[in-house]
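Each chain is listed here by its residues.
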Amino acid sequence: MQRFLIIQTAFLGDVILSTPIISELNRIYPEAKIDVVVRKGNESLLANNPKINHVFVWNKQEGKYKSLLKTIKGIRKNNYDEVITLQRYANAGLMTKFAKTKSRVGFDKNAFSGMYSITAPHSLEDGIHEVERNLKLIAHHNAQSLLRPEMYPSEDDFEEVEKYKSGHYYCLAPASVWETKKLPTSKWTTLIELLLEKGGEVKLLGGPTDIDLCGDIQKAFPKGVQNLAGKLSLLQSAALMKDARMNYVNDSGPLHIASAMNAPTRAFFCSTVPQFGFGPLAENARVIETTQKLDCRPCGFHGHKKCPLGHFDCGHSIEISEENIQ
């Protein structure tokens, strides 16, 4: 029986986009045991996944290196046939180095890639989706090239959000870790006005840190808009998004949650571009971005705390109209 370890200690969206590797290894080796390493806070994304044997949690809040050593000790209790490292930074490389395994696989950008048995290139300029880049790491197992990610809300998760499903509704996730990935607040307000005219209700989604942003947006509407930021778990948010008439998201974690649930998606891209490989993968999905030819866009592979040029034209010039949001 094969045993695999997958290491992805990056952010929420990165963990979701790692799940196609789990799915493919399970398809190819149905009896295999598949373990995963994630950072603290992301383990809930993998809850209820029947294809996963065990999830190791790297809790940096306990002390970066103390917790790293603790995680490595846990990993070393097992003998793996293969360790697959998706994270490209040194900490994941150290976990890979000290794991007991026959084979180490990872991207060539990792500081420890010289010890890998198999490497694959990783570039945000190659124009392919991040899922496809990840799956190249298991191409030697005859993996398929592009699959939709997966999440598994429980029956309790679906039951918990049932009370928010009154007729048809729309889910909006206006936040992002990066300011230049956020559609401007005024644009969200315009969008909500159009959606309320169509009937139904609007649900604002986000984490505890997004309560104020969603609250500020909600203030403009005496009814029809509900602020659920901080009230739902990630899997409960996924359960609510699954049955929404449409989900409107930034280039951020909720985009990938929508993909994992194959939920209808409209994704706003401001300073970044979908060509980097992080666009939506749901069957009914479309990217909405500026039609202006901006020399400054994209201004980097990741977002910024503020527009480097001060004008944020990539966000302000996105059109919000009845035709555009369909």
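Preceding block: the structure.
All figures in this text were calculated on a predicted structure; none of them were measured in a lab.

**Student:** Before we move on, can you summarise the pairing of strand 12 (residues 246-250) with the specific residues and values?
**Tutor:** With five of five residues buried, strand 12 lies mostly within the body of the structure. What you see with strand 12 is no split at all: Met246, Tyr248 and Asn250 on one side and Asn247 and Val249 on the other are buried throughout. As defined by bridge partners, strand 9 (residues 169-173) adjoins strand 12 across four bridges and the pair is classed as parallel. By the bridge assignment, Leu172 is partnered in strand 12 with Tyr248. Looking at chain direction, strand 12 and strand 13 (residues 265-269) are connected through four bridges and run parallel. Each residue of the ladder has a partner; that of Asn247, found in strand 13, is Thr265. Assessed by its sense of winding, the connection that carries the chain from strand 12 through helix 10 (residues 253-260) to strand 13 is right-handed.

**Student:** I'd like a rundown of the sheet that holds strand 8 (residues 118-120), residues and numbers included.
**Tutor:** Taken in spatial order, the six strands line up as 3-2-1-5-7-8 in an open sheet, and their pairing is parallel. Looking at the sheet topology across the chains shown, the edges are occupied by strand 3 (54-58) and strand 8. Across the sheet, the mean angle from the axis of one strand to that of its neighbour is 15°, orientation sign disregarded. Direction of pairing for strand 1 (residues 3-7) relative to strand 5 (residues 82-85): parallel, over a ladder of four bridges. Note that in strand 5 the partner of Ile6 across the bridge is Ile84. Contacts from helix 3 (residues 64-75) reach strand 1, strand 2 (33-39) and strand 3 within the one sheet, and its direction differs from that of strand 3 by about 160°.

**Student:** Break down the pattern of salt bridges for me, citing the residues and quoting the values.
**Tutor:** As a working rule, side chains carrying opposite charge can pair if their charged atoms are close by. Counting across every chain of the model gives 17 salt bridges. Arg27 is paired through a salt bridge with Glu24; the nearest N and O atoms lie 2.7 Å apart. Placement of the pair is Arg27 and Glu24 together in helix 2 (residues 19-28), with a separation of three residues, close to one helical turn. Judged by its relative accessible area of 2%, Glu24 falls in the buried class.

**Student:** Provide a residue-level description of the sheet that holds strand 14 (residues 285-289), including the pertinent values.
**Tutor:** The parallel open sheet is built from six strands, whose spatial order is 11-10-9-12-13-14. Looking along the sheet, the strands with just one partner apiece sit at the ends: strand 11 (225-227) and strand 14. Strand-to-strand twist of the sheet, defined as the mean angle between neighbouring strand axes without regard to direction, takes the value 20°. Helix-sheet contacts for helix 9 (residues 234-242) involve strand 9, strand 10 (201-204) and strand 12, and the interaxial angle to strand 9 is about 135°.

**Student:** How would you summarise the environment of Ala238 if you had to cite specific residues and measurements?
**Tutor:** Topologically, Ala238 is positioned in helix 9. Ala238 gets classed as buried once you look at its relative accessible area, which sits at 0%. Distance in space between the C-alpha atoms of Ala238 and Asp157 is 8.8 Å, their sequence separation being 81 residues. Once residues within four sequence positions are removed from consideration, Ala238 is found in contact with Met151, Pro153, Ile257 and Met261.

Criteria and thresholds
- Residues numbered from 1 in each chain as written.
- Predicted model: local features only at pLDDT ≥ 70, side-chain atom pairs only at ≥ 80, totals over all residues.
- Heavy atoms only, no water.
- Buried < 20%, exposed > 50% of the residue type's maximum accessible area, 1.4 Å probe, protein only.
- Helix = DSSP H or I, 4+ residues; strand = E, 2+ residues; numbered from the N terminus.
- Pairing = 2+ DSSP bridges.
- Right-handed = clockwise from strand over helix to strand, strands pointing away.
- Axes fitted to C-alpha atoms, helices over the stretch in contact; angles between N-to-C directions.
- Contact = heavy atoms within 4.5 Å.
- Salt bridge = Lys/Arg side-chain N within 4 Å of Asp/Glu carboxyl O.

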